[in-house]
Each structure stands twice: as C-alpha cells, then as structure tokens.
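# A closer look at the structure
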Amino acid sequence: MKGDSKNLGFSTRAVHAGQPPDPTTGSVSVPIYQTSTYAMDELGKHKGFEYARVQNPTRSALEANVASLEGGVSGHAFSSGMAAISAILTLVKAGDHVIASHNVYGGTYRFFTQILERYNLSFSWVDTTDVANIEAAMTDSTRLVFLETPTNPMMGVSDIAAAAELAHAHDALLAVDNTFMSPYFQRPLALGADIVMHSATKFLNGHSDALGGLLVTAREKEAEWFAFVQKSAGAVLGPFDSFLILRGIKTLAVRMERHEASGRKVAEFLNAHDKVVRVLYPGLPDHPGRELQQRQATGFGALISFDLGSHAGAKTFLDRLRVLTLAESLGGVETLISQPATMTHASVPADRRAELGITDGLVRVSVGLEDVDDLIADLTQALDAV
Ligand SMILES: *Cc1c(COP(=O)(O)O)cnc(C)c1O
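Since the structure is predicted, the reported quantities are computational estimates derived from the model, not experimental observations.

Each helix and strand in the protein chain was counted, giving 14 helices and 12 strands. Here the C-alpha atoms of the protein chain give a radius of gyration of 21 Å, agreeing with the 21 Å that 2.2 N^0.38 yields for 386 residues. For the C-alpha atoms alone, the extent of the protein chain along its principal axes is close to 75 × 50 × 35 Å. Looking at the protein chain residue by residue over its 386 residues, the buried ones come to 55%. Long-range contacts, defined here as pairs at least 24 residues apart, represent 73% of the contacts in the protein chain between residues at least 6 apart. Per element, the accessible surface of the protein chain, about 16000 Å² overall, is 53% carbon and sulfur. Taken as two groups, the 32 positive and 43 negative side-chain charges of the protein chain have centres that lie 4 Å from each other.

Our next topic: the pattern of salt bridges. A complete count under the given rule lists 6 salt bridges for this structure. Among the ionic pairs, D41 bridges to K47, the shortest N-O distance being 2.7 Å. Classification of K47 by relative accessible area gives exposed; the value is 62%. Its salt-bridge partner being K315, residue D319 comes within 2.6 Å of it at the nearest N-O pair. In this pair, D319 and K315 are both assigned in helix α12 (residues 311-320), 4 residues apart and thus about one turn of the helix distant. Looking at D319, the relative accessible area reads 48%, which means it is partly exposed.

On to the site of the ligand. Taken together, 13 residues form the shell around the ligand, and within it G81, D177, S199, T201 and K202 come nearest. Here an oxygen atom of the ligand sits 2.9 Å away from a polar atom, N or O, in the main chain of G81. In the environment of the ligand, a nitrogen atom lies 2.7 Å from a nitrogen or oxygen atom belonging to the side chain of D177. When grouped by side-chain class, the residues that make up the shell around the ligand number 4 nonpolar, 6 polar and 3 charged.

Glancing now at the sheet that holds strand β6 (residues 195-199). In spatial order, the strands read β1-β7-β6-β5-β4-β2-β3; together these 7 strands make up an open sheet with mixed pairing. Only two strands of the sheet have a single neighbouring strand rather than two, namely β1 (74-78) and β3 (122-126). Direction aside, neighbouring strands of the sheet carry axes that sit 20° apart on average. Note that strand β5 (residues 173-177) and β6 share 3 bridges and pair parallel. What sits directly across from V176, in β6, is V196. The strands touched by helix α4 (residues 106-115) are β2 (97-101), β3 and β4 (142-148); relative to β3, the strand with the most contacts, the crossing angle is about 145°. Lying on the sheet, helix α6 (residues 160-169) is in contact with β4 and β5; it crosses β5 at an angle near 150°.

Considered domain by domain, the protein chain is made up of domain 1 (10-249) and domain 2 (254-384). Domain 1 and domain 2 are separated by 26 Å when their C-alpha centres are compared. With 36 residues of domain 1 in contact, the opposing surface of domain 2 contributes 43 residues. Sorting the residues of domain 1 by area buried against domain 2 places M154, F185 and F203 first, and these three jointly supply 25% of that buried surface. At the boundary of domain 1 and domain 2, one finds 0 salt bridges. Taken together, the connections running from domain 1 to domain 2 amount to 16 residue pairs in polar contact (both at pLDDT 80 or more). When contributions to the side of domain 1 that touches domain 2 are tallied by element, the ones reaching two or more residues are α4, α7 (182-185) and α9 (239-249). In terms of residue count, the dominant contributor to the side of domain 1 that touches domain 2 is α4 (4 residues).

Turning our eyes to something else, we now look at the pairing of β5. Note on strand geometry: in a regular strand, side chains alternate between the two faces of the sheet. In terms of burial, β5 is a largely internal element, 5 of the 5 residues being buried. Taking every second residue as pointing to the same face, both faces of β5 are buried, with L173, A175 and D177 on one and L174 and V176 on the other. Sheet analysis places β4 next to β5, joined by 5 bridges and oriented parallel. Bridge pairing in β5 links E148 to D177. Where the polypeptide runs from β4 across α6 and back to β5, its parallel neighbour, the crossover connection is right-handed.

An order of β8-β9-β12-β11-β10 is seen for the 5 strands of this open sheet, with the pairing classed as mixed. A strand with exactly one partner marks an edge of an open sheet, and here the two such strands are β8 (278-280) and β10 (325-326). Bridge analysis of strand β9 (residues 303-307) against strand β12 (residues 362-366) gives 5 bridges, and the strand direction is antiparallel. Looking across to β12, one finds that F306 is bridged to V363. Together, β8 and β9 form the strand contacts of helix α10 (residues 252-271), whose direction differs from that of β9 by roughly 10°.

The subject of this paragraph is unusual backbone geometry. Cis geometry is found at the peptide bond from T149 to P150, where omega equals -10°. Locating P150 in the fold gives a position in the loop between β4 and α6. Its identity as a non-glycine residue notwithstanding, N120 has a phi of 60°, on the positive side. On the secondary structure map, N120 appears in the loop between α4 and β3. Residue S208 is not a glycine yet carries a positive backbone phi of 50°. Turning to its location among the elements, S208 is positioned in the loop between β6 and β7 (213-217). The class for S208 is partly exposed, based on a relative accessible area of 41%.

Parameters and conventions
- Residues numbered from 1 in each chain as written.
- Predicted model: local features only at pLDDT ≥ 70, side-chain atom pairs only at ≥ 80, totals over all residues.
- Heavy atoms only, no water.
- Helix = DSSP H or I, 4+ residues; strand = E, 2+ residues; numbered from the N terminus.
- Rg over C-alpha atoms; globule rule 2.2 N^0.38 Å.
- Buried < 20%, exposed > 50% of the residue type's maximum accessible area, 1.4 Å probe, protein only.
- Contact = heavy atoms within 4.5 Å.
- Areas by Shrake-Rupley, 256 points an atom, 1.4 Å probe, with all protein chains shown as cover.
- Lys, Arg positive; Asp, Glu negative; His and termini not counted.
- Charge placed at Lys NZ, Arg CZ, Asp CG, Glu CD.
- Salt bridge = Lys/Arg side-chain N within 4 Å of Asp/Glu carboxyl O.
- Near = heavy atom within 4 Å.
- Polar contact = N/O pair within 3.5 Å; in protein donor to acceptor, adjacent residues only side chain to side chain.
- Nonpolar A, V, L, I, M, F, W, Y, C, P; charged D, E, K, R; others polar.
- Pairing = 2+ DSSP bridges.
- Axes fitted to C-alpha atoms, helices over the stretch in contact; angles between N-to-C directions.
- Domains from an automatic or database assignment.
- Buried area = accessible area lost by both parts, 1.4 Å probe.
- Right-handed = clockwise from strand over helix to strand, strands pointing away.

Right, dumping it as structure tokens:
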C-alpha cells in the first residue's frame, strides 16, 4: 500500500502509512467514521466491518500507521495508555510473576499493586538500569518483563536489548513503555522487545487534546491476542480521538527535533543555575545512562527533572511561572511542568518515593515548542524568587 513501504523514511511513513486517499472520494485525510455499526450486503456477507468495537476505519488507519513507525506486525489502539497497559497484562495469568522497572509511571504502579495483585499475580520492582537486577529477580514463573526507559521522573536508562535477551532466555516476554521517546527516537522492537506501548496522549498526539493508548507487536501471536482483547474487553479508541492522534503523528518528526533541541538548551541552563540542586537529563555529560541512551536511541528527548531542594522551593518556583503551564502530562506543544510527589506520583507511597529519589523539591518539565528564549526567561524569573 502507498506509504507503507519499509524502504521509505520515517517522516514519509508518519505522513502516509496506513492512510492512502479515501477510495470513495479521494479525501487525503482519513475521514472520521463516526458509526457504531455497518450494513451488511446480504446475510453472511459484509465489507470487512461488522461492529465498531471490533473494527473502525479511522482507528485501523492509526493502528497501521503506528505499526509502520515502530516496525511491528500490527498496531492496536486503546482508549488510554492505561487501557493499553491493561491489555498487555492480559498476557499473564494467576500465579505468574512480572518484573517491572521500580520507577515506572505512577498509574502503572497503582494498577499493578492495587488491582492486579488481587488476581494472584506477583510483581518484583527492580532497578532495571542494571540488567543484573532483572536477572536476580527472575523466577520459574516470570512471564513478563515490563520496562520504561528513560523512567519517569528519575530518567534512569535501561538496556532494552539486554533485557530482551534475558527475558527470552527465561521464556518471558519483554514489553517496553516507549512514551517518553516516541518511535522517532527509539524503536524497542528492533532491539528485541516483543511489545511496545505508548500513551498516545503524549508525544504521538502532541497537542494535549486527546487521550489514547497504542500497542505494537513484533509477532502475529500477540497481535491476534490484542485484537481479541480489543473485541472482548472493549477499551478501544473512538474514531474522533483516532483522527486527532493520526493527525498529530504527521508532524511527529519535526516536533521531536524541536522538542529535543529546546530540551537540551533548558537542561544546560538548569544545570548551570545555582538554585538548582541537581538536574536529571540523559543528555547531560554526567548522566550515568548517557552512553547507553546514545547506543539504543537517536535522541535524549525533552523531559527533564530537577531538584529545588525543598517543597517550599518548588512551590515558590512553580507559582511564579507565567509561560510554563503547571499541569500533569507531557509531550504537548506547550511546556508542561509538574511536581511528581504531589501530582503524577502521589499514588506512590511516601517511603517508596523517598527510596526512588522523588523528593518534594523535585520538579519535572516537558519542554514544548515555544521560543526557547521565552522559556528560559520565565524559568529565570521564577528561580530568582526561590
Ligand atoms: C501518561 C503515561 C501513561 C498512561 O497513559 P494515559 O494515556 O494517561 O492512560 C503510561 N506511561 C507513561 C510513561 C506515561 O507518561
């Protein structure tokens, strides 16, 4: 199909894969098929579409597009990133053991510990930045390794290829939450992962105006299972949100370049500022994951965490900002800033937060597409008040 060829570059596939002009009208953008069902030609004969939970052409276009960008066999769109993670966890069953990065997204931790542990699944939370910790946590019942890299908000970098090799040696699958990097900077399936997951709410959509989750699989076996989960559990993405995310992805390559260029500048500015206790960004020379990040990804991204030393310092600073927006989420055109301890990671118990280094003075910024000089001026005036 036009635009799907593996020989085409990333940006070309971002614009075209999965979305040839509409056969009926020639419409160059995929229509929003706002329908719940499809008329049959005659009993026993339909056009490949029966009911919208199972198939929707707008959703299918998004799924084909992201499968092309991640280099997998098929894509699956869910109503949120958490719904996509829920679908991954249907691959394991009661009695199975899962190894997860100790510093995953707060909602992932909440879902695993407060819901899934009730179903006789067990979890080991390990510092996956050292692959030896994954190996040490392996048991005979380990069936899944769930990685996030870089992690949220501590920016720990984990070796995807080494984790894949280890998981496969123990008859387990590797799933990677690739939300922070997007397929533009990092493609886990090419490094050996079995499943890649996105909160499409973030960089893929990119405009802070839709919620969605995506899975891409390396093999048909998991692809068939996820299609079955979409049909059976039903947390699928609606046609309008599919359209918005598909539209967002068309500019992914140019947005990621700019996000990162500004991210580097903001990280360097913060690193040189005397009110800032420490800066966590894989692109800084002293970051322990820098070399690995350069090996397995083509960029450092636009997420930066930094410590202002105390809750009072963080509050004074955040309340003074005028251009940066105090809000949860990330990956939008607007620069979003948050305090993980009271916002995204509030569901992580205080003693665990302390263990992970998520202090009350820690602030996380997702650098957007504004003029970077305006961002630095705003940061400067707010830091002056601390
Ligand atoms: C936001 C996020 C999620 C959850 O996605 P939703 O779309 O909010 O459900 C999962 N992982 C990471 C890394 C995220 O940033």
